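# Tertiary structure, described
The lines below spell out each chain.
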Amino acid sequence: MRFAFKTSPQNTTWDAMLQVWQAADDIEIFESGWTSDHFYPTHSADPAVPRLEGWITLTALAQATSRLRMGTLVTGIHYRHPAVLANMTATLDIVSGGRLELGIGTGWNQEESSAYGIELGTPKERSDRFEEACEVITGLLGQETTTFKGSYYELTDARCNPRPVQQPHPPVCIGGSGEKRTLRTAARFAQHWNFDSGTVGQFIRARDVLHQHCADVRRDPAQILLSSQVRFNGDPAATAATAAEFGEAGAELAIVYLPPPCTPTVLEPLAKALGQLT
């Protein structure tokens with residue numbers, strides 16, 4: 001298996017996050033680091049918990065590290081116009097020296113969407129919009145010009161210049177397990193699919209549905225990296241055991257979520273436990 005870590009930029013400080021990432025940059029077993037991208041705290045009883053913006057944080061972390069690949073798990077596509085997001089992606093890929101992974105999803109957080117007046121939409125609308133956005137983003141990043149006309153987005157001879165270091169574009173990581181639409185969109189566009197949370201059995205089912213969608217669109221499923229998030233509960237051995245279960249079910253990358261507040265002291269014991277699985 002391969003291993004990564006995730007730090008949500010909420011209920012913590014910038015200095016604490018920075019220390020974790022800089023320490024992890026020196027620990028070879030962690031191949032990538034991830035943040036989440038929300039404006040309100042998630043999975044918190046207190047809506048006033050402070051939260052840093054994900055992409056600005058990630059850009060600063062790119063400057064503070066030299067080895068780790070990085071991305072957001074994941075950016076709700078309705079937060080930013082996909083042409084804007086494509087330009088952000090190209091710029092951060094350049095700034096990071098080609099270390100970016102583009103994590104995107106349909107979006108789900110009604111609370112922050114309503115508070116900010118950002119339309120979330122019905123599940124069908126979210127899926128339709130997401131599929132269009134994937135076409136827009138990959139087109140802008142991989143082509144000289146892009147013309148597109150959909151129900152949600154319209155581009156005419158649009159450019160994204162300079163283009164990213166990684167060509168045709170940074171790997172697209174799609175998060176979510178919606179069987180009819182999200183996994184179908186992943187089969188079409190993703191180089192990496194992430195299973196957010198759930199049981200090993202739920203992961204297996206979603207994996208099998210993804211592979212069926214790949215067959216339907218004539219895509220080799222081996223072209224899509226499979227990852228699962230694994231929550232660190234304070235016990236490195238237990239976390240490694242859970243990662244191993246997902247690995248036996250087909251996950252190639254375990255992304256260990258480090259709940260806030262962030263501290264680098266957990267990294268070495270965790271790396272030692274994970275190292276037993278390689």
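Remember, it's a predicted structure, so these values are computed and weren't measured experimentally.

Broken down by element type, the chain carries nine helices and ten strands. With the C-alpha coordinates of the chain rotated into their principal frame, the extents come out at 50 × 40 × 40 Å. Scored against the burial criterion, the 278 residues of the chain give a buried share of 53%. Here the chain has roughly 12,200 Å² of accessible surface; of this, 51% comes from carbon and sulfur atoms.

A separate point is the packing of aromatic side chains. In this description, an aromatic ring pair is defined by two values, namely the gap between the centres and the angle between the planes. For the coordinates displayed, the defined rule picks out ten aromatic pairs. Centroid distance Tyr40 to Tyr116: 5.6 Å. Interplanar angle 85°. Geometry classified as edge-to-face. One end of the pair, Tyr40, is in the loop between β2 (30-37) and α2 (54-64); the other, Tyr116, is in helix α4 (residues 110-116), and 76 residues separate them in sequence. Owing to a relative accessible area of 45%, Tyr116 belongs among the partly exposed residues under this scheme. An aromatic cluster is defined as three or more aromatic residues linked by ring pairs; in this entry it consists of Phe39, Tyr40, Tyr79 and Tyr116.

With that settled, consider the sheet that holds strand β7 (residues 172-175). Overall, parallel pairing links the eight strands, which are arranged β1-β2-β3-β4-β7-β8-β9-β10 in a closed barrel. For this sheet the average axis-to-axis angle between neighbouring strands, irrespective of direction, equals 25°. Packing of α2 onto the sheet brings it into contact with β2, β3 (69-76) and β4 (100-105), and relative to β3 it is tilted by some 175°. Sitting on the sheet, helix α9 (residues 267-275) is in contact with β1 (2-6), β2 and β10 (253-257), with an inclination near 120° to β2.

Below, the discussion takes up the state of the cysteines. Using the criterion set out here, one finds zero disulfides in the structure. Of all cysteine sulfurs in the structure, the one in Cys134 sits closest to Cys160, which takes part in no disulfide; the separation is 15 Å. For the unlinked cysteine Cys173, the closest cysteine sulfur is that of Cys134, found at 11 Å.

Burial analysis of β1 places four of its five residues in the buried class, which makes it a mostly covered element. Across five bridges, the pairing between β1 and β10 is parallel. From the neighbouring strand, Phe3 faces β10, where its bridge partner is Ala254. Taken together, β1, helix α1 (residues 14-24) and β2 form a β-α-β motif whose crossover is right-handed.

Before going further, it helps to spend a moment on the packing of helix α3 (residues 82-95) against helix α5 (residues 123-142). One way to put it is that α3 packs onto α5 with a least axis distance of 9 Å and a crossing angle of 40°. Judged on the interaxial angle alone, α5 and α3 are oblique. Regarding α3 and α5, the two cross each other, and that crossing is right-handed. Along the contact surface, α3 presents Pro82, Ala83, Leu85, Ala86, Thr89 and Ala90, while α5 presents Ala133, Val136, Ile137, Leu140 and Leu141.

What follows deals with the nonpolar core. One finds Trp21, Phe30, Ile104, Ile174, Trp193, Leu210 and Leu258 to be the most contacted residues of the largest nonpolar core, which totals 70 residues. Looking at this core, the element that brings in the most residues is α5, giving seven residues. In this view, Leu258 contacts Phe5, Lys6, Thr7, Val20, Phe232, Val266, Leu267 and Leu270; residues no more than four positions away in its chain are not counted. Among the nonpolar cores identified, the runner-up in size contains eight residues, and Leu73, Cys173, Leu225 and Ile255 belong to it.

The next point concerns the environment of Leu277. With respect to the helices, strands and loops of the structure, Leu277 is situated in the segment after α9. Residue Leu277 is classed as partly exposed on the basis of its relative accessible area of 30%. In the structure, Leu277 is positioned 36 residues away from Ala241 in sequence and 8.8 Å away in space, judged by C-alpha atoms. Contact partners of Leu277, with chain neighbours within four places excluded, come to Met1, Phe3, Ala240, Ala243 and Ala244.

The subject of this paragraph is the environment of Arg51. Mapped onto the secondary structure, Arg51 falls in the loop between β2 and α2. Put simply, Arg51 and Arg188 are 137 residues apart on the chain and 33 Å apart in space, counted from C-alpha to C-alpha. Dropping the residues within four chain positions of it, Arg51 is found in contact with Ser8, Pro9, Gln10, Ser36, Asp37, His38, Phe39, Tyr40, Pro41 and Thr42. Within the structure, Arg51 has its side chain in polar contact with the side chain of Ser36 (distance 2.4 Å). Polar side-chain contacts of Arg51 include one of 3.1 Å to the backbone oxygen of His38.

Taken together, the buried positions of α2 are occupied by Gly54, Trp55, Thr57, Leu58, Leu61 and Ala62. Around the axis of α2, the buried residues are gathered within 155° of arc, so they sit on the same side. Exposed positions of α2 whose direction lies more than 90 degrees from the buried face are Ile56 and Gln63. Where α2 is buried, its residues touch α1, β2, β3, α3 and β4.

Rules used in this analysis
- Within every chain, residues take consecutive numbers counted from 1 along the sequence as written.
- Per-residue local features of the predicted model are confined to residues with pLDDT of at least 70, and side-chain atom pairs are confined, for both listing and counting, to 80 or more; whole-chain, interface and lining totals are unaffected and use all residues.
- Each side-chain value is worked out from all heavy atoms of the structure, with water and hydrogens disregarded.
- Runs of H or I in DSSP of at least four residues are treated as helices and runs of E of at least two as strands, each being numbered from the N terminus.
- Buried means the residue's accessible area, taken with a 1.4 Å probe over protein chains only, is under 20% of the maximum for its type, while exposed means over 50%, and partly exposed covers the values in between.
- Accessible surface area values rest on a Shrake-Rupley calculation with a 1.4 Å probe, where residue burial reflects the displayed protein chains alone.
- Between the rings of Phe, Tyr and Trp (Trp by its six-membered ring), a pair exists once the centres lie within 6.5 Å; its type follows the angle of the planes, with under 30 degrees stacked, over 60 edge-to-face, and the other angles tilted.
- Strand pairing is assigned whenever DSSP identifies at least 2 bridges connecting the two strands.
- Helix axes are fitted only over the stretch in contact, all axes being lines through C-alpha atoms; the angle between N-to-C directions runs from 0 to 180 degrees.
- Residue contacts are defined here by distance: any two heavy atoms, one from each residue, within 4.5 Å place the two residues in contact.
- A pair of sulfur atoms, both from cysteines and within 2.5 Å, is called a disulfide here.
- Here is how to tell: hold the view so the strands point away, follow the path from the first strand over the helix to the second, and if it runs clockwise the crossover is right-handed.
- Roughly parallel means an angle under 35 degrees; roughly antiparallel means over 145; roughly perpendicular covers 65 to 115; every other angle is labelled oblique.
- Should the near helix be turned anticlockwise from the far one by less than a right angle, the crossing is left-handed, and should it be turned clockwise, the crossing is right-handed.
- The definition of a nonpolar core used throughout is a set of buried Ala, Val, Leu, Ile, Met, Phe, Trp, Tyr and Cys residues joined through side-chain atoms within 4.5 Å.
- Any pair of N or O atoms that falls within 3.5 Å is considered a polar contact. Within protein, one atom must be able to donate a hydrogen and the other to accept it, and sequence-neighbouring residues count only if both atoms are side-chain atoms.
- What the arc measures is the spread of directions leading from the helix axis to the C-beta atoms.

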